[in-house]
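Structural overview
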Amino acid sequence: GFDLNLINGNELRRLELTSNCFKNEGVVKKWDCPKLKYLDMSSNHFGDGGLIFGKEWNCPKLKYLNMASNSFSSNGLMYIEKWKTVNIKHLNLSYNYFDCDGLRHIEKWECFELKTLNLSSNKLGNKGLEYIETWNCLKLENLNLSLNHLNSEGLKYIRGFCGSNLKQLNLNHNQFGY
């Protein structure tokens, strides 16, 4: 795999590693990057195995994380949960393969600063909305739930989190008319 320790992360503030075909090889198991604020690792198709290698990352100042299109399931989110990244404001987990069970791992993340969450094109279903309603994301302003197999039964949960700071809600391409 790609060893991030070859990059001195002490002063690094932004890192973009999109579309590098890491697949299940992952990157590194342990990495300290104390000043990193922006990390984009989208479109690498890690799968769940690739995320195991990142389970001991220390990025305490990380504000933006894009892990879209990485082919991980609900189990893969379990590894991201262990990262030391509690200050994230913008999180993109779109175009993966996790369902509502994966949301339990994100919930444990304690994303109190989260403002933007993109969960589009996963398999959350109405049960996923039930989890989101209970989160303590008081600052959430932008939520994308498009392409998640939601239907009219899920509308009761949407009402629960729409009264907060939410300014933008994307529910495109679901099944509300069925």
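In what follows, the structure referred to is the one given above.
The rules behind the values
- Residues numbered from 1 in each chain as written.
- Predicted model: local features only at pLDDT ≥ 70, side-chain atom pairs only at ≥ 80, totals over all residues.
- Heavy atoms only, no water.
- Pairing = 2+ DSSP bridges.
- Helix = DSSP H or I, 4+ residues; strand = E, 2+ residues; numbered from the N terminus.
- Axes fitted to C-alpha atoms, helices over the stretch in contact; angles between N-to-C directions.
- Contact = heavy atoms within 4.5 Å.
- Buried < 20%, exposed > 50% of the residue type's maximum accessible area, 1.4 Å probe, protein only.
- Salt bridge = Lys/Arg side-chain N within 4 Å of Asp/Glu carboxyl O.
- Polar contact = N/O pair within 3.5 Å; in protein donor to acceptor, adjacent residues only side chain to side chain.
- Phe/Tyr/Trp six-rings, centres within 6.5 Å; stacked < 30°, edge-to-face > 60°.
- Lys NZ or Arg CZ within 6 Å of the ring centre and 35° of its normal.

Let us look at the sheet that holds strand E8 (residues 142-144). With respect to topology, 7 strands assemble into an open sheet ordered E1-E3-E5-E6-E7-E8-E9, the strand pairing being parallel. Each having just a single partner strand, strand E1 (14-16) and strand E9 (168-170) make up the two edges of the open sheet. Across this sheet, the average inter-strand angle for adjacent strands is 5 degrees, counted without regard to direction. Where E1 lies against strand E3 (residues 38-40), 3 bridges are found, and the strand directions are parallel. Of the residues in E3, the one forming a bridge with Arg14 is Tyr38.

Further remarks concern the environment of Asn87. Along the polypeptide, Asn87 turns up in the loop between helix H2 (74-81) and strand E6 (90-92). It is 7.5 Å that separates the C-alpha atoms of Asn87 and Leu114, two residues lying 27 residues apart in sequence. Other than its neighbours up to four places away in sequence, Asn87 contacts Pro60, Leu62, Lys63 and Glu113.

Looking now at unusual backbone geometry. For Ser71, which is not glycine, the phi dihedral falls at a positive 55 degrees. Note on placement: Ser71 falls in the loop between strand E5 (64-66) and H2. Judged by its relative accessible area of 24%, Ser71 is partly exposed. Phi at Tyr95 is positive, roughly 55 degrees, even though this residue is not glycine. Here Tyr95 shows up in the loop between E6 and helix H3 (103-107). Of the residues examined, Tyr95 reaches a relative accessible area of 46% and is grouped as partly exposed.

What follows is about the pattern of salt bridges. In the structure shown here, the tally under the stated rule is 6 salt bridges. Of the charged contacts in the structure, one is a salt bridge between Arg13 and Glu11, with a shortest N-O distance of 3.6 Å. Looking at Arg13, the relative accessible area reads 42%, which means it is partly exposed.

A separate point is the side chain of Asn122. When you line up the elements, Asn122 lands in the loop between strand E7 (116-118) and helix H4 (125-134). On the basis of relative accessible area, Asn122 is assigned to the buried category, the value being 3%. A distance of 3.1 Å separates a polar side-chain atom of Asn122 from the backbone oxygen of Leu93.

We now examine the packing of aromatic side chains. This model, assessed by the stated rule, comprises 1 aromatic pair. Considering the side-chain rings of Tyr38 and Tyr64, the 4.2 Å spacing of their centres and the 5 degrees angle between planes classify their relative orientation as stacked. Of the two residues, Tyr38 is situated in strand E3 and Tyr64 in strand E5; the sequence distance between them amounts to 26 residues. Taking relative accessible area as the criterion, Tyr38 reaches 18% and is therefore assigned buried. Directly above the ring of Tyr38 sits Arg14, whose terminal nitrogen or CZ lies 3.5 Å from the centroid.

In this fold, Pro60 is placed in the loop between strand E4 (56-58) and E5. Residues Pro60 and Lys37, spaced 23 residues apart in sequence, show a C-alpha to C-alpha distance of 8.5 Å.

Looking now at the environment of Thr134. If you trace the backbone, Thr134 turns up in helix H4. Residues Thr134 and Tyr157 lie 23 residues apart in sequence; the distance between their C-alpha atoms is 9.4 Å.

For Asn44, the location among the structural elements is in the loop between E3 and helix H1 (47-52). A distance of 2.8 Å separates a polar atom in the side chain of Asn44 from the backbone oxygen of Leu17.

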